[in-house]
Amino acid sequence: METIAFQDMYPEDYANCYGCGRNNNHGMHLKSYWQGDESFCRHTPKDYYSGGFPGFLYGGMIVSLMDCHGAGTASAAKARADGTSAERFITATITVDFVKPTPLGVELEIRGKISEMNGRKVFVDLTLSANNEICAKGRGLFIQLPPSI
């Protein structure tokens, strides 16, 4: 396992994301790492991210966690493949299937695996688990920002 988070390798100008930006004082400060060919991130959401049913996580937060982890995974995978430094990726599409309710009050684990890489496009398959049970599955297409942005 690598000890430097993907998000900590982002250039200063791109480290402001609510989910994963180290420079966002109000953000979640997600940290993603490699574990073999898979990436992982752990996060325990605050209780006020409750969904419509008490004790369970709001669906939008599930998507947000998977989105930020997926973008970080795409960036790290592209850097690893090209032997370059991390670049910022943005989300083109993300789909999430909610498999079962996600409980609050426990550490969640988000995992990602690259399914395809083609130029500036990286597809990442994602899961979000609580108590070692998958609660959501998804897939994202992340696009590397062009140098002009």
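Our structure is the block above this text.
This is a predicted model, so every value here is computed, not measured.

## What about the sheet that holds strand 5 (residues 121-130)?
Then, number 1: The six strands are arranged 1-2-4-5-6-3 in an open sheet whose pairing can be described as antiparallel. The open sheet has two edge strands, strand 1 (32-35) and strand 3 (89-98), and neither has a second partner. With strand direction ignored, the average angle separating the axes of adjacent strands in the sheet is 25°.
Then, number 2: Examined bridge by bridge, strand 1 and strand 2 (residues 38-43) share four bridges and lie antiparallel to one another. Its bridge partner lying in strand 2, tyrosine 33 is registered against phenylalanine 40.

## Observations regarding the packing of aromatic side chains
Then, number 1: Counting across every chain of the model gives four aromatic pairs.
Then, number 2: On the numbers, 4.9 Å between centres and 45° between planes, the contact of tyrosine 48 with tyrosine 49 is tilted.
Then, number 3: Residue tyrosine 48 is classed as exposed on the basis of its relative accessible area, which comes to 64%.
Then, number 4: Sitting above the plane of the tryptophan 34 ring, arginine 80 keeps its charged end 4.1 Å from the centroid.

## Considering the environment of proline 54
Then, number 1: Among the structural elements, proline 54 can be located in the loop between strand 2 and helix 1 (59-82).
Then, number 2: Judged by relative accessible area, proline 54 falls into the exposed class, the value being 64%.
Then, number 3: Separated by 51 residues in the primary sequence, proline 54 and glycine 105 place their C-alpha atoms 11 Å from one another.

## Quick word on the pairing of strand 5
Then, number 1: The buried fraction of strand 5 is high, at seven of 10 residues.
Then, number 2: As judged from the 10 bridges shared by strand 4 (residues 108-118) and strand 5, these two strands associate in the antiparallel manner. When the bridges of strand 5 are listed, lysine 113 appears paired with aspartate 125.
Then, number 3: Hairpin connection, strand 4 to strand 5: the antiparallel pair is bridged by two residues, and glycine 119 has positive phi, about 65°.

## Brief notes about the pattern of salt bridges
Then, number 1: Under the counting rule described, the total for this entry stands at nine salt bridges.
Then, number 2: One network of salt bridges, with partners in common, ties together Glu38, Arg42, Glu107, Glu109 and Arg111.

Conventions used here
Residues numbered from 1 in each chain as written. Predicted model: local features only at pLDDT ≥ 70, side-chain atom pairs only at ≥ 80, totals over all residues. Heavy atoms only, no water. Pairing = 2+ DSSP bridges. Helix = DSSP H or I, 4+ residues; strand = E, 2+ residues; numbered from the N terminus. Axes fitted to C-alpha atoms, helices over the stretch in contact; angles between N-to-C directions. Phe/Tyr/Trp six-rings, centres within 6.5 Å; stacked < 30°, edge-to-face > 60°. Buried < 20%, exposed > 50% of the residue type's maximum accessible area, 1.4 Å probe, protein only. Lys NZ or Arg CZ within 6 Å of the ring centre and 35° of its normal. Salt bridge = Lys/Arg side-chain N within 4 Å of Asp/Glu carboxyl O.

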